Amino acid sequence: MTGPRQYQWQDEVLAGPGGAMTDEVGVITGPLTLRTTGGPDGTVRFEVQYTDADEWYTLTGSPAAHGDPYALHTAALRAIRAGGGAEAPVPPA
């Protein structure tokens with residue numbers, strides 16, 4: 001018998017002007033890596049880091065309660081590329 005499934009996507013992204021907002025350190029800018037994890041409970045978590053750094057930061061607004069993890073991952077990438085203190089996307093109601 002297998003346990004609950006967890007999905008994860010990770011991509012590099014260049015933050016637009018104003019960067020991405022994190023809970024731990026505020027706005028981060030420049031070349032970033034976004035990691036999105038969809039858990040078995042339906043939550044979707046977003047973490048970002050400076051590309052090739054060791055530390056991961058929570059993208060403000062994470063976790064999202066429910067939603068399609070891959071669609072939310074691509075929405076988060078778009079938001080970070082746009083910058084402006086990008087936060088985790090909100091799943092459609």
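Check the entry above for the structure.
Residues numbered from 1 in each chain as written. Predicted model: local features only at pLDDT ≥ 70, side-chain atom pairs only at ≥ 80, totals over all residues. Heavy atoms only, no water.

Caption draft 1: Inspection of the overall build of the protein at higher detail. Regarding its fold elements, the protein presents one helix and six strands. Secondary structure elements of the protein, listed N to C terminal, follow the sequence β-β-β-β-β-β-α. The C-alpha atoms of the protein give a radius of gyration of 13 Å, which matches the 12 Å a tight globule of 93 residues would have. Taken over the C-alpha atoms alone, the protein extends approximately 45 × 30 × 20 Å along its principal axes. Evaluated residue by residue, the protein yields a buried proportion of 41% over its 93 residues. Across the protein, the fraction of contacts at a sequence separation of at least 24, relative to all contacts at a separation of at least 6, is 52%. For the protein, the accessible surface area stands at approximately 5,200 Å², while carbon and sulfur atoms represent 52% of it. The averaged location of the 11 negative side-chain charges in the protein is 8 Å from the averaged location of its 5 positive side-chain charges. (Helix = DSSP H or I, 4+ residues; strand = E, 2+ residues; numbered from the N terminus. Rg over C-alpha atoms; globule rule 2.2 N^0.38 Å. Buried < 20%, exposed > 50% of the residue type's maximum accessible area, 1.4 Å probe, protein only. Contact = heavy atoms within 4.5 Å. Areas by Shrake-Rupley, 256 points an atom, 1.4 Å probe, with all protein chains shown as cover. Lys, Arg positive; Asp, Glu negative; His and termini not counted. Charge placed at Lys NZ, Arg CZ, Asp CG, Glu CD.)

Caption draft 2: Up close: helix α1 (residues 69–82). Compared with the 20 Å implied by 1.5 Å per residue over 14 residues, the 20 Å span of α1 between its first and last C-alpha is a close match. The set of residues buried in α1 consists of P69, L72, H73, A75, A76, L77 and I80. Sitting at the amino-terminal end of α1 is D68, which places a side-chain oxygen 3.1 Å from the backbone nitrogen of Y70. One or two steps after α1, the chain reaches G83, where phi turns positive at roughly 80 degrees. (Expected span 1.5 Å × (residues − 1). Polar contact = N/O pair within 3.5 Å; in protein donor to acceptor, adjacent residues only side chain to side chain.)

Caption draft 3: Looking closely at the packing of aromatic side chains. The final tally for this structure, using the stated rule, is two aromatic pairs. When the ring of Y7 is compared with that of W9, the centres are 6.2 Å apart and the planes differ by 15 degrees; the resulting orientation is stacked. Judged by its relative accessible area of 37%, Y7 is partly exposed. For W9, a relative accessible area of 23% translates into the label partly exposed. Every member of this aromatic cluster is reached through a ring pair, and the members are Y7, W9 and Y70. For R35, the ring lying beneath its charged end belongs to W56, and the centroid distance is 3.8 Å. (Phe/Tyr/Trp six-rings, centres within 6.5 Å; stacked < 30°, edge-to-face > 60°. Lys NZ or Arg CZ within 6 Å of the ring centre and 35° of its normal.)

Honestly, it's all geometry; don't read function into it.
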